[in-house]
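# Coordinate inspection notes
Here is how the chains run, residue by residue.
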Amino acid sequence: MTSQVSSPITAGTADEPHVVVDVLGEQRKPAKETRQLDRVIIRFAGDSGDGMQLTGDRFTSETASFGNDLSTLPNFPAEIRAPAGTLPGVSSFQLHFADHDILTPGDAPNVLVAMNPAALKANLGDLPRGAEIIVDTDEFTKRAMAKVGWAASPLEDGSLGAFAVHPVPLTTLTLEALKDSGLARKDAERAKNMFALGLLSWMYHRPTENTEAFLLRKFAKKPDIAAANVAAFRAGWNFGETTEDFAVSYEVAPASAAFPKGTYRNISGNLALSYGLIAASKQAQLPLFLGSYPITPASDILHELSRHKNFGVRTFQAEDEIAAIGAALGASFGGALAVTTTSGPGVALKSETIGLAVSLELPLLVVDIQRGGPSTGLPTKTEQADLLQAMYGRNGEAPVPVVAPATAADCFTAALEAARIALTYRTPVFLLSDGYLANGSEPWRIPQLDELPDLRVEFASGPNHTDADGTETFWPYLRDPQTLARPWAVPGTPGLEHRIGGIEKQDGTGNISYDPANHDLMVRTRQAKVDGIAVPDIEVDDPSGTARTLVLGWGSTYGPITAAVRRIRREGGQVAQAHLRHLNPFPGNLGQVLKAYDRVVVPEMNLGQLAHLLRAKYLVDARSFTQVTGLPFKAEQLAAAVTAIMEENADVDV
Amino acid sequence: MSTSEALSLVPKAAGKQTMKDFKSDQEVRWCPGCGDYAVLAAVQSFMPELGLARENVVFVSGIGCSSRFPYYMNTYGMHSIHGRAPAIATGLATSRRDLSVWVVTGDGDALSIGGNHLIHALRRNVNLKILLFNNRIYGLTKGQYSPTSETGKITKSTPMGSLEAPFNPVSLAIGAEASFVARTIDSDRKHLQSVLRAAADHPGTALVEIYQNCNIFNDGAFEALKDSATAQEAVIRLEHGEPIRFGAPAEDGLGSKGVVRDPATGELSVADVAEVGTDRVLVHDAHTPNPAAAFALSRLADPDTLHHTPIGVLRNVARPVYDTDMADQLDRAVSLHGEGDLAGLLSGTDTWTVP
Ligand code: SF4
């Protein structure tokens, strides 16, 4: 059996290399030899019933409070309890943490914790040579191995020779640790994920108090279970400290230099987005109304907002996607900051109501947490393939602004920006997040309240038009000359009684109009309103100023693209990078930026939707690099793809 | 002036109102002779009775002939999209309890494309008043059968007759847990207004089915209930607390026909009062929580001839009102956790500081 546990981790990659420094005997605890690492990628993998997401979350929290930079990638099946022990039932959680600024959950894990044969088999292909594998040997029974097609145990046949394998009888050790707990075997066994967490916490010097406190809180109603989980967690830690199988532990220093001054917390995209909505409501001084129908991966926003009724937040779980947006639109008519949250299939159902909101010119946030499509697609996996649906998925000319967050924490700011556009221009706005941002997490510098934008709006309060006979009247479609927004006159305002609807309206009066010239005017005016939305110029990162290739992305590809660009630059390549937050309208300088480069590469998790828009609008030869695996790009592959494009005919063009 | 719980949060008008106050400046564009005119006039002349501030009244509609209604009311209004008015109105009513929100819909709008929203609005019991104009036909799309058309109906889309069994909107509403269900007829302004009054006073969702004549595509659909020669035998007028009697007057001045319950099966049927005696005639109880009798009443009418059609308030019971409970939860959240503190929320519990 392998016992090369002290071999240094060698899975460093070019953009984020490992620095392995031996430091002996300086640590208070653990007492064993400690080595310093600059970053580590750990993947926890097990059955969907093994609690891997919880284990990953806890390790993340410990890591965040320790002050490392981090990025996570939860990856789980759509089934709540997929058949036990099978490959489709494997659930995993990858965490990348470092003493410096990092951008992605990492391409390849340095450490894999595999709770059963399926977890090992499903993840083996992602491991680089030299990676450490911690396996629960108790689960490597003939039957369990047969389920994944292994006749012989890979732990014994030498096929894992390229890795540093730690065979640990996790189940037995957990049961042993809990033998006095009085718990039934089945309940005691369930704590094995906490044993694994304890072991990993020892290995990487994670602070442990918060996890213990968390377990006591989580199982407050079941004190025996709480005690068992804490006991298993401690047993795992002690196991690392005492067993000879683990000779070394590792330290990854806090990423102090990577972070600007401030107070930080760890936050997932969906949580950041929920907070962004509450903050927008506060900043606009309007009550928040959420109409939503449960759908993966957006439901967490419904859950989160439902917990904050003391902020005046009304959450309405509707009978379907259509009612969800309908109720939101009704609330918007009444003067609320109205939101509907969904994923791609839900957007398809909401299309008609989005069109109505375009016609009514009322503020409305449509939050789409994109997932793999078409149809039901891959509910728990990520994709960016709803861009064109957001842009064009309605009948008639129905322009809708589109905003996309770049990282999990950025979902907060993007929500505020989407609210600003909706409120200022009285329009529905798409906020396009995705499954990767939604569930992934990273450190977030908590903003001071005075840093938040002022989103206050003025409702119409009196007549805005004088008839020929001198009567003062209210015209619901008389526009602000700057923004082209129409007045927001909410019911309850005396004298402004008016009727609006989805039938074409006469410019100004808002009365029904079938006049051809008026329709032409109204269609063009609605388009002009969206085209005229003030959005900041796009910034280009081109440190040398000599790059001939621009990599342009949008949304959640920011992390992988930035990591890839760094990697290319480290190898001496000159490449410029820019990232779009506003996809409709595009920043005013985008055309110029695109034309300044010989080559434009657009990586997307779809088949080239942004590239399509860029080609149509700017007549540039935008080159797509696409991937639709349901997983984020890996920096290494992306760097290789961009480099290949940079080097095409390089001698001719550049 | 109404002082009911349903309208207690809606501001009252400063002065006395008239029907004219509720007429908008828009030209009414239904076909001449359409039953919608009568309903519009009945509603416009009824609204002053409620005495609500006009700006706090909102009419929301879907798509169809009747859904043009909001344009003609000088209140706030939204002519939305097909079938979705109950959903839109739910969002408005739950977030603005100071408004009196009315939904105007038709048989196609409410029972076909918008069926899901209708049943869920009724189930939730949001403070909405839904006026369902039932003309048993698609008017705006020029004459296809609707979900309330009788089986065998010959229309443009069913040249050999419709194969579908119709919905009975009142039965459907009762089945959907509606707390208030009534039926009335476009041409009977007095009855229509009495039902509107009861609906307006009801806390929660009220469904009012209005039989409405489409003189272009389904003329005379309700003639049996309107023609003085047949109406006496066809229409059963319900009054809470009164025995259910109709037809030509008996000696006691009440109808000679009565609705009786079979003691064995609980089924309702029509009998000659003279034969069965007055004691056996069912006394209408709209307030009883058990919906069985109201449902049985709704099944009395023959779906083809409409013979023995009950009109009036079939069901009117108190049930928790969604928007009230939602507001209570918000208040309770504040009393439990205090007013939302944004800085505290953003910080959470696990933070670290980079100096
Ligand atoms: S088609 Fe029928 S329902 Fe529609 S307006 Fe004409 S008469 Fe009325």
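Looking up chain B in an unreviewed UniProt entry gives the name 2-oxoglutarate oxidoreductase subunit KorB, with the organism given as Actinacidiphila bryophytorum.

As recorded in an unreviewed UniProt entry, chain A goes by the name 2-oxoglutarate oxidoreductase subunit KorA, listed as coming from Actinacidiphila bryophytorum.

Counting its secondary structure elements, chain B contains 12 helices and 12 strands. For 355 residues, the compact-globule estimate of 2.2 N^0.38 gives 20 Å, and the C-alpha radius of gyration of chain B, at 23 Å, lies within 12% of that figure. Across its three principal axes, chain B shows a C-alpha extent of roughly 95 × 50 × 45 Å. The buried share of chain B, taken over its 355 residues, is 56%. Relative to all contacts within chain B whose residues are 6 or more apart in sequence, the contacts with residues 24 or more apart total 67%. As displayed, chain B has an accessible area near 14,400 Å², and 53% of this comes from carbon and sulfur atoms. Across chain B, the centroid of the 31 positively charged side chains sits 5 Å from that of the 40 negatively charged ones.

Right, let's talk about the sheet that holds strand 11 (residues 309-316) of chain B for a bit. The strand order across the open sheet built from nine strands is 20(A)-2(B)-1(B)-3(B)-4(B)-6(B)-5(B)-11(B)-7(B), with neighbouring strands paired in mixed fashion. Edge positions in the sheet fall to strand 20 (499-501) of chain A together with strand 7 (235-237) of chain B, since each has one partner strand and no second. Within the sheet, the average angular offset between the axes of one strand and its neighbour, ignoring direction, is 20°. For strand 3 (residues 100-106) of chain B and strand 4 (residues 128-134) of chain B, the ladder comprises six bridges, and the chain directions are parallel. Within strand 4 of chain B, the position partnered with Trp102 of chain B by the bridge is Lys129 of chain B. In the packing of helix 12 (residues 344-360) of chain A onto the sheet, the strands contacted are strand 20 of chain A together with strand 2 (76-79) of chain B, and the crossing angle to strand 20 of chain A comes to about 135°.

Per the UniProt entry, the sites bearing "domain: Pyruvate/ketoisovalerate oxidoreductase catalytic" (unreviewed entry) are residues 49-236 of chain A in this numbering. With 41% helix and 16% strand, residues 49-236 of chain A has its two end C-alpha atoms placed 20 Å apart.

To continue, consider the layout of surface pockets. All names here are of chain A. Here the second largest pocket is characterised by a volume of approximately 1,300 Å³. Surrounding the second largest pocket, 50 residues form its lining, Ala406, Thr407, Asp410, Tyr558 and Arg581 being those nearest its centre. Going through the elements one at a time, strand 4 (69-75), helix 14 (410-425), helix 15 (435-439), strand 17 (441-445), strand 21 (540-541), helix 17 (558-570) and strand 23 (576-580) are the ones with two or more residues in the lining of the second largest pocket. If one sorts the elements of the lining of the second largest pocket by residue count, helix 14 sits on top with six residues. Residue composition of the lining of the second largest pocket, grouped by class: 27 nonpolar, 11 polar and 12 charged.

A few words now on empty space enclosed by the protein. Throughout the structure, instances matching the rule amount to five cavities of 30 Å³ or more. Residues belonging to the lining of the largest cavity are distributed by class as follows: five nonpolar, seven polar and one charged.

All names here are of chain A. Structurally, Ala564 can be placed in helix 17. Linking Ala564 and Leu173, residues 391 residues apart in sequence, is a C-alpha distance of 42 Å. With residues near it in sequence (within four places) discarded, Ala564 still touches Ala635, Leu638 and Ala639.

Thresholds applied
Residue numbering note: each chain is counted from 1, following its sequence as written. Labels are handed out in written order, letters beginning with A for the chains and numbers beginning with 1 for the ligands. The predicted nature of this model means local features are confined to residues of pLDDT at least 70 and side-chain atom pairs, given and counted, to a pLDDT of 80 or more, with totals for whole chains, interfaces and linings taken over all residues. Note: side-chain values were computed over all heavy atoms of the structure, leaving out hydrogens and water. Every helix listed is a DSSP run of H or I at least four residues long, and every strand listed is a run of E at least two residues long, numbered separately from the N terminus. When we talk radius of gyration, it's over C-alpha atoms, and the globule rule is simply 2.2 Å times the number of residues to the 0.38. Each residue is assigned to one of three classes by its accessible area relative to the maximum for its type, calculated with a 1.4 Å probe on protein chains only: buried under 20%, partly exposed between the two thresholds, exposed over 50%. Pairs of residues are marked as contacts when any of their non-hydrogen atoms sit within 4.5 Å. All accessibility values rest on the Shrake-Rupley procedure with a 1.4 Å probe; residue burial counts only the protein chains present in the view. Charged-residue counts in this description rest on Lys and Arg as positive and Asp and Glu as negative, His and the chain ends being excluded. The location of each charge is read from NZ of Lys, CZ of Arg, CG of Asp or CD of Glu. Strands pair, by our definition, only if DSSP identifies at least two bridges between them. Throughout, an axis means a line fitted to C-alpha atoms (over the contacting stretch in the case of helices), and angles, computed between N-to-C directions, take values from 0 to 180 degrees. UniProt positions are given in the numbering used here, feature names are shortened, and annotations may be inferred rather than shown by experiment. In this analysis the probe radius is 1.4 Å and the grid spacing 1 Å, with only protein atoms considered; a cavity is a set of points the probe fits into but cannot get out of, a pocket is an open set with protein on both sides within 12 Å along at least five of seven lines, and lining residues have an atom within 4 Å of a point. Grid points are joined across faces, edges and corners, and a volume is the space filled by probe spheres set on the points. Gly is placed with the polar residues, together with every amino acid not listed as nonpolar (Ala, Val, Leu, Ile, Met, Phe, Trp, Tyr, Cys and Pro) or charged (Asp, Glu, Lys and Arg).

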